[in-house]
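Here's the letter readout for the chains.
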Amino acid sequence: RMAAERGRIIHKLLEILPHYEVARRHAAAQSYLTHHLGALDEALLTQIMALLNDAELAPLFSDAALAEAPIGGFLTRHDGSRLALSGQIDRLVETESAVLLVDFKTGTPPESTNGSAYLPQMAAYRALMQAAQKTDKQTDKPVKCALIWTQTGRIDWLDQKRLDEVLADILGGKRPLENQ
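Now for a look at the structure at hand. (Residues numbered from 1 in each chain as written. Predicted model: local features only at pLDDT ≥ 70, side-chain atom pairs only at ≥ 80, totals over all residues. Heavy atoms only, no water.)

## Considering the packing of aromatic side chains
Item 1. Under the definition given, this model contains two aromatic pairs.
Item 2. Considering the side-chain rings of Phe61 and Phe104, the 6.3 Å spacing of their centres and the 5° angle between planes classify their relative orientation as stacked. In this pair, Phe61 sits in the loop between α3 (42–52) and β1 (66–76) while Phe104 sits in strand β3 (residues 99–105), placing the two residues 43 residues apart along the sequence. The pair formed by Phe61 and Phe104 is uniform in burial state, with each residue classed as buried.
Item 3. Judged by centre distance (5.9 Å) and plane angle (65°), the rings of Tyr118 and Trp149 are edge-to-face. Linking Tyr118 in the loop between β3 and α4 (119–136) with Trp149 in strand β4 (residues 143–149), this pair joins segments that are 31 residues apart in sequence.
Item 4. On the basis of relative accessible area, Trp149 is assigned to the buried category, the value being 1%. (Phe/Tyr/Trp six-rings, centres within 6.5 Å; stacked < 30°, edge-to-face > 60°. Helix = DSSP H or I, 4+ residues; strand = E, 2+ residues; numbered from the N terminus. Buried < 20%, exposed > 50% of the residue type's maximum accessible area, 1.4 Å probe, protein only.)

Written out as structure tokens, the structure is:
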């Protein structure tokens, strides 16, 4: 229960702090943590600020990024049936070279994310975004997915080929966009 509350607080801070001026983020985070936890958790504050200040993650916390972005749609299975999906992407941003989908994880990261239980979720989000791009025809950028482990600051960019394999399993063996 405590871990779930901690995760909710981390997600909320990563959602709202990018809207603050950089110079005010630290104080805003301190205030939020003190209010919601009853005391300041310095370790948690350090973790959150490290993520917000990570140069590799800067696009995810820019004004162009969306927080808690809803996503939904249908994917077609190999037998022609449709699979309805909906979810929420923690951070979504289109850069000059790619569309980035990121999910924050607050637990202890596994040794490797290649066999992770999170791969089906991210594979489905990626496929929905690719389908939206195909329909929209305004961009044909690669959709890259990552898991960010808030406890350690580790960023796991997920292997595109592995995501394709996982999605093929979900859909019954056929590539996701062939029947869209």
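## Thoughts on the side chain of Gln133
Item 1. Considering the arrangement of structural elements, one finds Gln133 in helix α4.
Item 2. On the basis of relative accessibility, which here comes to 8%, the residue Gln133 falls in the buried class.

## Quick look at helix α5 (residues 160–171)
Item 1. A rise of 1.5 Å per residue sets the reference length of α5, with its 12 residues, at 16 Å; its end C-alpha atoms lie 16 Å apart and thus fit the reference within 8%.
Item 2. Buried residues of α5: Leu163, Asp164, Val166, Leu167, Ala168 and Leu171, and no others.
Item 3. The residue sitting at the N-terminus of α5 and contributing the capping side-chain oxygen is Asp159; that oxygen lies 3.3 Å from the backbone nitrogen of Lys161.
Item 4. Just past α5, the residue Gly172 takes up positive phi, approximately 90°. (Expected span 1.5 Å × (residues − 1). Polar contact = N/O pair within 3.5 Å; in protein donor to acceptor, adjacent residues only side chain to side chain.)

## With respect to the pattern of salt bridges
Item 1. Under the defined criterion, the tally for this structure stands at eight salt bridges.
Item 2. Across the pair Glu15 and Lys12 runs a salt bridge whose closest N-O atoms are separated by 3.7 Å. Of the two residues, Glu15 and Lys12 both sit in helix α1 (residues 2–16), three residues apart, roughly one turn of that helix.
Item 3. Exposure remark for Glu15: the relative accessible area of 23% places this residue in the partly exposed category.
Item 4. The closest approach of N and O atoms between Glu165 and Arg162, which form a salt bridge, is 3.3 Å. Of this pair, Glu165 and Arg162 both sit in helix α5, three residues apart, roughly one helical turn.
Item 5. Take Glu165: its relative accessible area is 39%, and that puts it in the partly exposed class. (Salt bridge = Lys/Arg side-chain N within 4 Å of Asp/Glu carboxyl O.)

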